[in-house]
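Analysis of the macromolecular model
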Amino acid sequence: MGRRARLGLVLCLAALWAGGLAVADEEGNQDESLESKTLSAEDQVKDHSTGTRVVAGQIFLESGKSDSQSEDEENFHSQEEEKESSLEELNSLEMSNLLNKDLEEAEIQSPVLTAIGGTADGEPCHFPFLFMEKEYAECTADGREDGRLWCATTYDYKKDQKWGFCETEEQSNKRRQMQEAEDVYQTGMKILNESSKKAQKKEAYQYLLKAADMNHTKAMEKVSYALLFGDYLKQNIQSSKELFEKLTEEGSPKGQMALGFLYASGLGVNSSQAKALVYYTFGALGGNLIAHMILGYRYWAGIGVLQSCESALTHYRLVANHVASDISLTGGTVVQRIRLADEVENPGMASGMLEEDLIQYYQFLAEKGDVQAQVGLGQLHLHGGRGVEQNHQRAFEYFNQAANAGNSHAMAFLGKMYSEGSDVVPQSNETALQYFKKAADMGNPVGQSGLGMAYLYGRGVPVNYELALKYFQKAAEQGWVDGQLQLGSMYYNGIGVKRDYKQALKYFNLASQGGHILAFYNLAQMHATGTGVMRSCHTAVELFKNVCERGRWSERLMTAYNSYKDGDSNSAVVQYLLLAEQGYEVAQSNAAFILDQKASIVGENETYPRALLHWNRAASQGYTVARIKLGDYHFYGFGTDVDYETAFIHYRLASEQQHSAQAMFNLGYMHEKGLGIKQDIHLAKRFYDMAAEASPDAQVPVFLALCKLGVIYSLQYVREINIREIFSHIDMDQLLGPEWDLYLMTIIALLLGTIIAYRQRQHQAIPRPAGLRPAVPQQEPPPEHQPPQ
């Protein structure tokens with residue numbers, strides 16, 4: 001018993017250790033590990049540094065020591081690292097010895113399969129055994145119509161006729177049921193992956209529903225999320241909750257994460273942040289990336305847990321490693337961050353989406369031979385985004401047309417497509433090199449960067465770091481982000497140049513300004529380890545968070561937006577709420593915006609409090625409109641008590657930090673009325689003037705407010721002065737002379753005479769009419785030739 005218990009403990013520890021490496025892909029159909037995403041050995045650069053390597057522009061830090069650190073710091077870190085490494089070696093050695101020893105014992109003590117029923121009930125199965133002139137090393141269903149597994153208990157079944165079943169009838173039925181469920185699931189997934197039409201996807205989900213009813217785990221995961229979001233199935237929160245609970249009992253990380261989301265958002269259950277945290281933690285331990293991302297955001301913002309930058313860094317770094325290793329050199333998919341509030345309040349504002357008519361116009365130009373249109377459409381289809389789906393086939397066709405016309409940019413992108421390879425374009429270093437050379441000879445930075453990559457990794461040419469550096473510098477000088485990224489990597493690792501962290505930091509910063517995900521990732525690694533810069537956990541977390549938000553789950557932003565545009569607010573708000581839990585600020589503001597409009601999926605009394613929660617989270621990430629909304633909610637008492645002082649604080653923050661004209665105007669009004677602050681008309685005018693200076697749109701309302709303020713100020717001044725007291729202090733004899741009353745009477749008499757004379761003259765000038773006659777309108781004579789009726 002002691003050996004078995006120890007073996008069980010060791011296997012559990014080994015499973016947990018391995019589970020830390022395995023990372024499930026939330027939106028994919030199969031689980032993947034971080035190791036499976038790294039490039040092959042031939043794609044990795046030979047490293048000249050100690051404890052650091054670069055893969056496709058990524059920094060993989062193993063020691064994280066900086067040349068800029070002081071000797072004391074280096075000694076301290078080296079001592080700590082020696083201790084840690086020695087402990088790790090000792091632990092790994094003990095674990096290895098323990099595993100080897102107990103696994104050997106397990107092999108010796110492994111249970112022997114015994115036959116059930118048949119002609120040799122209770123006898124051990126014999127492997128291999130001979131049946132129908134074929135050897136079997138495991139149980140088989142051959143020779144049986146019912147498909148039940150059996151084995152022979154001697155080598156030659158034909159000779160001895162000794163056999164028995166390997167499973168009970170109940171186990172057999174269960175196995176066949178699961179096999180049937182797997183077949184149904186695979187049929188559904190095949191239709192789902194191969195079709196783009198909505199009707200076919202709905203048909204696929206009918207197969208998945210059938211498989212889910214047969215307790216197929218992956219089918220249940222797909223169906224539960226479809227029911228939660230309303231994807232190709234009618235939205236049903238309660239049914240999705242029941243499936244998530246069932247999945248959680250089976251230990252599914254996806255189910256645990258989703259159940260945590262339901263408790264966090266209060267959908268279908270009573271809101272409980274404590275339960276949400278528990279389920280998120282279990283989901284993260286199971287390797288669910290979204291659960292890690294949610295925990296990273298919660299530790300960063302201090303939601304339901306004590307704020308901890310280091311804990312946030314741990315979770316975000318794990319997700320960022322996966323996202324960065326999944327990014328190709330084209331930079332990854334484009335994330336569309338569309339704000340619903342901006343679209344509604346400013347209909348003319350461009351959302352970044354291309355209208356269908358505009359896309360068709362560009363397609364028309366491309367068909368007519370417009371090279372720029374061909375290159376533009378090729379890039380849109382290559383990366384996806386702005387309302388255009390990723391389509392490598394169409395991208396290849398457009399680039400090919402433009403390249404045949406002599407466009408260097410198209411040649412360079414064709415080289416990138418051949419270099420990376422896809423289902424449409426087979427990977428070919430030779431073809432890629434030809435296109436890169438043609439583009440580079442024409443001075444194209446994309447081609448120069450591609451040629452640099454070929455020399456750096458030895459793709460189609462011998463490795464030559466000097467030439468790689470030369471081409472990367474040329475591309476970087478023209479502002480191409482790939483050239484800047486690779487140049488930074490070479491300086492960081494000292495490949496072809498002397499190691500220089502400051503130069504590496506410079507080029508990574510330049511590439512990050514161009515939006516390259518791997519540049520953000522590399523900067524995060526440098527800040528996290530203090531390599532070349534002062535260590536900053538806060539900066540590292542923000543950069544890692546940026547990388548994590550570029551993962552494939554960001555596509556849900558566009559799905560939610562499309563649901564909202566199609567009028568399905570309930571589906572949109574649930575999707576935005578999940579993304580809000582992951583820390584997407586735009587999702588938080590969009591979820592709050594929909595809740596503000598009284599989403600029916602949430603109780604009427606709960607919409608404002610929940611909207612207030614997400615406005616608060618969006619405001620804490622620097623969104624100005626959210627900060628003003630917080631002020632409005634406290635000013636009017638939406639979802640909270642009326643609190644003018646808190647409203648004043650939020651308006652002041654928006655005014656000082658984001659220079660918001662709306663916030664300045666509101667502060668002026670509050671000073672004018674004395675709401676939450678002492679009444680001060682002078683300060684009110686000052687804030688009104690600041691609002692007019694901050695935004696031209698505020699000038700008209702500010703003018704009206706200042707007019708009103710002027711009237712109020714005048715009335716207040718008149719109210720405060722004493723007219724009798726003023727007249728009592730005036731000496732008319734001294735001011736106008738001793739006979740001032742005679743002068744005044746004379747002036748009044750002259751004015752009265754003038755008025756009487758004017759009235760008499762006006763009365764004589766108007767003659768009295770003899771009678772009033774109504775005017776008769778003149779009729780036009782009828783035309784000589786009228787058309788027949």
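What counts and what doesn't
Residues numbered from 1 in each chain as written. Predicted model: local features only at pLDDT ≥ 70, side-chain atom pairs only at ≥ 80, totals over all residues. Heavy atoms only, no water. Helix = DSSP H or I, 4+ residues; strand = E, 2+ residues; numbered from the N terminus. Buried < 20%, exposed > 50% of the residue type's maximum accessible area, 1.4 Å probe, protein only. Contact = heavy atoms within 4.5 Å. Areas by Shrake-Rupley, 256 points an atom, 1.4 Å probe, with all protein chains shown as cover. 1 Å grid on protein atoms, 1.4 Å probe; cavity = no way out; pocket = protein on both sides within 12 Å on 5 of 7 lines; lining within 4 Å. Points joined across faces, edges and corners; volume = space filled by probe spheres on them. Nonpolar A, V, L, I, M, F, W, Y, C, P; charged D, E, K, R; others polar. Phe/Tyr/Trp six-rings, centres within 6.5 Å; stacked < 30°, edge-to-face > 60°. Disulfide = S-S within 2.5 Å. Core = buried A, V, L, I, M, F, W, Y, C linked by side-chain atoms within 4.5 Å. Salt bridge = Lys/Arg side-chain N within 4 Å of Asp/Glu carboxyl O. Patch = residues over 30% accessible without salt bridge, like charges linked within 9 Å, V, L, I, M, F, W, Y side chains within 5 Å. Axes fitted to C-alpha atoms, helices over the stretch in contact; angles between N-to-C directions. Parallel < 35°, antiparallel > 145°, perpendicular 65-115°, else oblique. Left-handed = near helix turned anticlockwise from the far one by under 90°. pLDDT = per-residue confidence, 0-100. Expected span 1.5 Å × (residues − 1). Polar contact = N/O pair within 3.5 Å; in protein donor to acceptor, adjacent residues only side chain to side chain.

Counting secondary structure elements, the protein contains 35 helices and 8 strands. When each of the 789 residues of the protein is scored for burial, the buried share is 43%. Put simply, of all contacts in the protein between residues at least 6 apart along the chain, 53% involve residues at least 24 apart. A total accessible area of about 43900 Å² is found for the protein, and carbon and sulfur atoms account for 52% of it.

This model, assessed by the stated rule, comprises 3 cavities of 30 Å³ or more. One number sums up the size of the second largest cavity: a volume of about 50 Å³. Taken together, S419, N429, A432, L433, F436, G450, M453, A454 and R459 form the lining of the second largest cavity. Going through the elements one at a time, helix 17 (429–441) and helix 18 (445–457) are the ones with two or more residues in the lining of the second largest cavity. The element best represented in the lining of the second largest cavity is helix 17, accounting for 4 residues. Class assignment for the residues of the lining of the second largest cavity results in 5 nonpolar, 3 polar and 1 charged.

Bringing the packing of aromatic side chains into the picture now. Evaluated as defined, the whole model comprises 29 aromatic pairs. Geometrically, the ring pair formed by Y205 and Y232 is stacked, given 5.8 Å between the ring centres and 25 degrees between the ring planes. On the criterion of sequence distance, the pair formed by Y205 in helix 5 (residues 198–213) and Y232 in the loop between helix 6 (217–229) and helix 7 (237–249) is long-range, its members being 27 residues apart. Under the relative-accessibility criterion, Y205 is labelled buried at 7%. Classification of Y232 as partly exposed rests on a relative accessible area of 31%. Taking the centre distance of 5.2 Å and the plane angle of 55 degrees together, the rings of Y492 and Y501 count as tilted. Overall, the relative accessible area of 1% leaves Y492 in the buried class.

One pass over the full model with this rule turns up 3 disulfides. At a sulfur-sulfur separation of 2.0 Å, the disulfide partner of C139 is C166. Between C139 and C166, the disulfide has an S-S torsion of -90 degrees and is therefore left-handed. One end of the pair, C139, is in the loop between strand 6 (134–136) and strand 7 (150–152); the other, C166, is in the loop between strand 8 (163–165) and helix 4 (169–194), and 27 residues separate them in sequence. Disulfide pairing is shown between C309 and C537; the S-S distance is 2.0 Å.

The next point concerns the environment of W163. Within the element layout of this structure, W163 appears in strand 8. According to the relative accessible area criterion, W163 is buried, its value standing at 19%. Measuring from C-alpha to C-alpha, the distance between W163 and H126 comes to 9.4 Å, with 37 residues separating the pair along the chain. For W163, the residues in contact, after removing those within four places along its chain, are G117, G118, T119, A120, R144, W150, C151, A152, T153 and Y157.

Soluble globular proteins tend to pack their nonpolar side chains together in the buried interior. If you look at the biggest cluster of nonpolar residues, it comprises 154 residues, and the most contacted ones within it are F261, Y316, Y576, I594 and W615. The element that contributes the greatest number of residues to this core is helix 22 (residues 517–529), accounting for 9 residues. Once residues within four sequence positions are removed from consideration, I594 is found in contact with L340, Y564, S569, A572, V573, Y576 and A599. Counting 12 residues, the second largest nonpolar core, distinct from the first, contains F129, Y157, F165 and C166.

Looking now at the side chain of E581. Mapped onto the elements of the fold, E581 is located in helix 25 (residues 569–581). On the basis of relative accessible area, E581 is assigned to the buried category, the value being 5%. Ignoring anything within four residues of it in the chain, the contact list for E581 reads F261, A264, Y280, I294, Y297, R298 and R617.

Looking along the chain, the bond that leaves F127 and enters P128 is cis, with omega of 0 degrees. Note that P128 resides in the loop between helix 2 (71–109) and strand 5 (129–131). Residue N215 is not a glycine yet carries a positive backbone phi of 65 degrees. Tracing the backbone through its elements, the reader meets N215 in the loop between helix 5 and helix 6. Given a relative accessible area of 32%, N215 falls into the partly exposed group. The backbone of Y232 sits at a positive phi, close to 65 degrees, despite the residue not being glycine.

Moving on, we come to the pattern of salt bridges. On inspection of all chains with the given rule, the structure shows 16 salt bridges. In this structure, R339 and E585 form a salt bridge, with 2.7 Å as the shortest nitrogen-oxygen distance. Residue R339 is found in the loop between helix 11 (309–325) and helix 12 (340–345), and its partner E585 is found in helix 26 (residues 585–596); the two are separated by 246 residues along the sequence. Under the relative-accessibility criterion, R339 is labelled partly exposed at 22%. For E585, a relative accessible area of 13% gives the class buried. One salt bridge in this structure joins E606 and R610, with 2.6 Å as the shortest N-O distance. Given a relative accessible area of 37%, E606 falls into the partly exposed group.

In this section: a nonpolar patch on the surface. Among the surface-exposed residues, L358, Y361, Y362 and F364 lie close enough to one another that they form a single nonpolar patch of about 380 Å² accessible area. The partly exposed category is assigned to L358, whose relative accessible area is 33%.

This part takes up the packing of helix 5 against helix 6. The geometry of helix 5 relative to helix 6 is characterised by a closest axis approach of 8 Å and an angle of 120 degrees between their N-to-C directions. The pairing of helix 5 with helix 6 is recorded here as oblique in orientation. Handedness of the crossing formed by helix 5 with helix 6: left-handed. Contacts between helix 5 and helix 6 involve Y205, L208, L209, A211 and A212 on the former and, on the latter, A219, M220, K222, V223 and A226. Tallied by class, the residues present in the contact of helix 5 with helix 6 amount to 9 nonpolar, no polar and 1 charged.

On average, residues of the protein score 79 in pLDDT, and 77% of them are at 70 or above. Per-element averaging of pLDDT across the protein places strand 2 (residues 32–33) at the bottom with 34 and helix 10 (residues 289–301) at the top with 96. Contacts of residues 1–56 to residues separated by more than four positions or lying in other chains number 110 contacts, the stretch itself having pLDDT below 50. Considering only residues more than four positions removed or in separate chains, one finds that residues 60–109, a stretch of pLDDT under 50, has 48 contacts.

Within the secondary structure, A219 is located in helix 6. Residue classification places A219 among the buried residues on the basis of a relative accessible area of 0%. Ignoring anything within four residues of it in the chain, the contact list for A219 reads Y185, L208, A211 and A212.

A separate point is helix 11. Its 17 residues give helix 11 an end-to-end C-alpha distance of 24 Å, which sits within 8% of 24 Å, the value for a rise of 1.5 Å per residue. Of all the residues in helix 11, the buried ones are A312, L313, H315, Y316, V319, A320, H322, V323, A324 and S325.

Side chains that are three or four residues apart share a direction in an α-helix, a result of its 3.6 residues per turn. The end-to-end C-alpha separation of helix 10 is 18 Å, in line with the 18 Å expected for 13 residues at 1.5 Å each. The buried fraction of helix 10 amounts to 11 of the 13 residues, a majority that puts the element mostly inside the structure. Turning to helix 10, its buried residues are L289, I290, A291, H292, M293, I294, L295, G296, Y297, R298 and W300. For helix 10, the N-terminal cap is N288; the gap from its side-chain oxygen to the backbone nitrogen of I290 is 3.2 Å.

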